[in-house]
Amino acid sequence: GNSVTQMEGPVTLSEEAFLTINCTYTATGYPSLFWYVQYPGEGLQLLLKATKADDKGSNKGFEATYRKETTSFHLEKGSVQVSDSAVYFCALTDSNTGKLIFGQGTTLQVKP
Amino acid sequence: GAGVSQSPSNKVTEKGKDVELRCDPISGHTALYWYRQSLGQGLEFLIYFQGNSAPDKSGLPSDRFSAERTGGSVSTLTIQRTQQEDSAVYLCASSLTGVGTEAFFGQGTRLTVV
């Protein structure tokens, strides 16, 4: 079946550092790929998405590119802020059914 | 309502009792999902409803768990004979069509089994 694997956390960075959170997937067909974020005390919300190969999703300075050849969707940000501290989830929807499954989540802590 | 609504927000129950958790999705959304999130853990898929199709129940952890979606709208997740390991936050989400569309999450129901 489909699955999503994220790098282990927690990730601790200093403000203005470069961020990469790795995400790889296993899926049949052409899934859509997502990054969701859960800020402390808040609900899950969409950060960005890409629905086909080579698409780049971007939002709030974060980017991720749908790489079919490496089955990856790594999240990057050039300069993190304390306010980016949160749990980040990589996810996919099955291209036939729309079933949404998540990776295990990566906790990011940014220190001033 | 404007978003996905879940009730109750908190539920404390005694071991062995049955509980019902409710989810009101965004109007017009055909896809509805239930997940479980234990403390410090990821999102465990439970069940997925899509339109009139048979639900994908592949994530339900045991036959004590069941869910229904009435009239393509409101959904209820039922846990029978609750156990302490059922303690978690239960999240509901809905999306317009499922495939490639954003899922909107409710605030969750925090279930504590004592």
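The sections below set out a description of the structure shown in this document. Just so you know, these numbers come straight off a predicted model, no measurement behind them.

**Section: the interface of chain B and chain A**
Stage number 1. In this complex, chain B contributes 20 residues to the contact, which on the side of chain A involves 22 residues.
Stage number 2. Across the interface of chain B and chain A, roughly 1500 Å² is buried in total on both sides, 58% from carbon and sulfur atoms.
Stage number 3. Counting across the interface, chain B meets chain A through one salt bridge.
Stage number 4. Measuring nitrogen to oxygen at the nearest pair gives 3.3 Å for the salt bridge that ties lysine 99 of chain A to aspartate 56 of chain B.

**A few points about the packing of aromatic side chains**
Stage number 1. The final tally for this structure, using the stated rule, is twelve aromatic pairs over all chains.
Stage number 2. Considering the side-chain rings of tyrosine 33 of chain B and tyrosine 48 of chain B, the 4.7 Å spacing of their centres and the 5° angle between planes classify their relative orientation as stacked. Taken together, the positions of tyrosine 33 of chain B in strand 4 (residues 31-37) and tyrosine 48 of chain B in strand 5 (residues 43-50) put the pair 15 residues apart, joining distant regions of the chain.
Stage number 3. With relative accessibility at 1%, the residue tyrosine 33 of chain B sits in the buried group.
Stage number 4. The exposure class of tyrosine 48 of chain B is buried, given its relative accessible area of 4%.
Stage number 5. Every member of this aromatic cluster is reached through a ring pair, and the members are Phe34, Tyr36, Phe89 and Phe102 of chain A together with Tyr33, Tyr35, Phe45, Tyr48 and Phe105 of chain B.

**Observations regarding the nonpolar core**
Residues and elements named next belong to chain A.
Stage number 1. Ranked by internal contacts, the top residues of the largest apolar core, which has 27 residues, are Leu19, Trp35, Leu47, Leu48, Phe73, Leu75 and Tyr88.
Stage number 2. Contributing elements (two or more residues each) for this core: strand 2 (11-14), strand 3 (19-21), strand 4 (23-26), strand 5 (32-38), strand 6 (45-50), strand 8 (62-65), strand 10 (86-93) and strand 12 (106-111).
Stage number 3. It is strand 10 that contributes the most residues to this core, four residues altogether.
Stage number 4. Setting aside anything within four residues of it in sequence, one finds leucine 19 in contact with Val11, Leu13, Phe62, Leu75, Glu76, Lys77, Val80 and Leu108.

**Notes on the sheet that holds strand 6 (residues 65-69) of chain B**
Residues and elements named next belong to chain B.
Stage number 1. If you trace the four strands from one edge of the open sheet to the other, you get 1-3-7-6, paired in antiparallel fashion. Each edge of the sheet is formed by a strand with only one pairing partner; in this case those strands are strand 1 (5-7) and strand 6. Each neighbouring strand pair of the sheet contributes to a mean axis angle of 15°, computed without reference to strand direction.
Stage number 2. In this structure, strand 1 lies alongside strand 3 (residues 19-24), joined through three bridges in antiparallel fashion. If you follow serine 7 over to strand 3, its bridge partner there is arginine 22.

Criteria and thresholds
- Residues numbered from 1 in each chain as written.
- Chains lettered and ligands numbered in written order.
- Predicted model: local features only at pLDDT ≥ 70, side-chain atom pairs only at ≥ 80, totals over all residues.
- Heavy atoms only, no water.
- Contact = heavy atoms within 4.5 Å.
- Buried area = accessible area lost by both parts, 1.4 Å probe.
- Salt bridge = Lys/Arg side-chain N within 4 Å of Asp/Glu carboxyl O.
- Phe/Tyr/Trp six-rings, centres within 6.5 Å; stacked < 30°, edge-to-face > 60°.
- Helix = DSSP H or I, 4+ residues; strand = E, 2+ residues; numbered from the N terminus.
- Buried < 20%, exposed > 50% of the residue type's maximum accessible area, 1.4 Å probe, protein only.
- Core = buried A, V, L, I, M, F, W, Y, C linked by side-chain atoms within 4.5 Å.
- Pairing = 2+ DSSP bridges.
- Axes fitted to C-alpha atoms, helices over the stretch in contact; angles between N-to-C directions.

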